[in-house]
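Coordinate analysis (summary)
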Amino acid sequence: MRATSAVAAVSFTLVLVACGSNGAEKRVRGPAQQVADTVTALEHDLLTRNYRAVCEQVFTSDARAQAGNDSCPDFVRRGAAHLRAERIRIRSIVVRGEAASAAVTTTARGQAPVRDTIRLRFENGRYRVSALAQ
């Protein structure tokens, strides 16, 4: 069941991004800035279609494994194929040790905005996307 829910969470990354401009303009510092940087990297890599970077630099190892490990970039590419001009705006960030969350609003051309939460975990020296909550 864990693998199924994790794959659904990774898949939802694509739905999440399917739906503004990144709100990381507000000045934050320390761990909250690191979380904002990860969300900005996710947005950038999806905009530039750098799916390998999403898998290798943005996702946690668990999220990457649940998206197919070596086939993770193909998994992300298929899920993002319909997205155009996708944006992620950060509304708030909460950091609790090695766990963090970012409340976001996402938009994409032709789609209504979606409010959601990106869950992150500190891994290999930075916060990485581990799951999305609905």
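Our subject is the structure that appears above.
What you see is a predicted model; the values in this text were computed from it and never measured.

Rules behind the numbers
Residues numbered from 1 in each chain as written. Predicted model: local features only at pLDDT ≥ 70, side-chain atom pairs only at ≥ 80, totals over all residues. Heavy atoms only, no water. Salt bridge = Lys/Arg side-chain N within 4 Å of Asp/Glu carboxyl O. Helix = DSSP H or I, 4+ residues; strand = E, 2+ residues; numbered from the N terminus. Buried < 20%, exposed > 50% of the residue type's maximum accessible area, 1.4 Å probe, protein only. Core = buried A, V, L, I, M, F, W, Y, C linked by side-chain atoms within 4.5 Å. Pairing = 2+ DSSP bridges.

On to the pattern of salt bridges. Taken as a whole, this structure holds five salt bridges when the rule is applied. Residue Glu86 is joined to Arg49 by a salt bridge in which the shortest nitrogen-to-oxygen separation is 2.5 Å. Of this pair, Glu86 sits in the loop between helix H5 (72–80) and strand S1 (87–96) while Arg49 sits in the loop between helix H2 (30–47) and helix H3 (51–58), and the two are 37 residues apart along the sequence. Classification of Glu86 as buried rests on a relative accessible area of 0%. As a salt-bridge pair, Glu123 and Arg121 come within 2.5 Å of each other at their nearest N and O atoms. Here Glu123 falls in the buried class, since its relative accessible area comes to 11%. Salt bridges here are not isolated pairs; linked through shared partners, they connect Asp62, Arg121 and Glu123.

Core analysis: the biggest nonpolar cluster contains 26 residues, and Leu42, Leu46, Phe59, Val76, Ile118, Leu120 and Val129 have the highest contact counts within it. Where this core is concerned, the elements lending two or more residues are H2, H3, H5, S1, strand S2 (99–108), strand S3 (111–123) and strand S4 (126–133). At five residues, H2 tops the list of elements feeding residues into this core.

Here we come to unusual backbone geometry. The phi dihedral of Arg49 is positive, around 60°, even though this residue is not glycine. Under the relative-accessibility criterion, Arg49 is labelled partly exposed at 30%. Unlike most non-glycine residues, Asn69 shows phi in positive territory, near 50°. Its location among the elements puts Asn69 in the loop between helix H4 (61–66) and H5.

To continue, consider the pairing of S1. Of the strand pairs in this sheet, S1 and S2 are connected by nine bridges, and their pairing is antiparallel. The residue bridging Val94 from the neighbouring strand is Ser101, located in S2. Hairpin connection between S1 and S2: a loop of two residues separates the two successive antiparallel strands, and Gly97 in this loop has a positive phi of roughly 65°.

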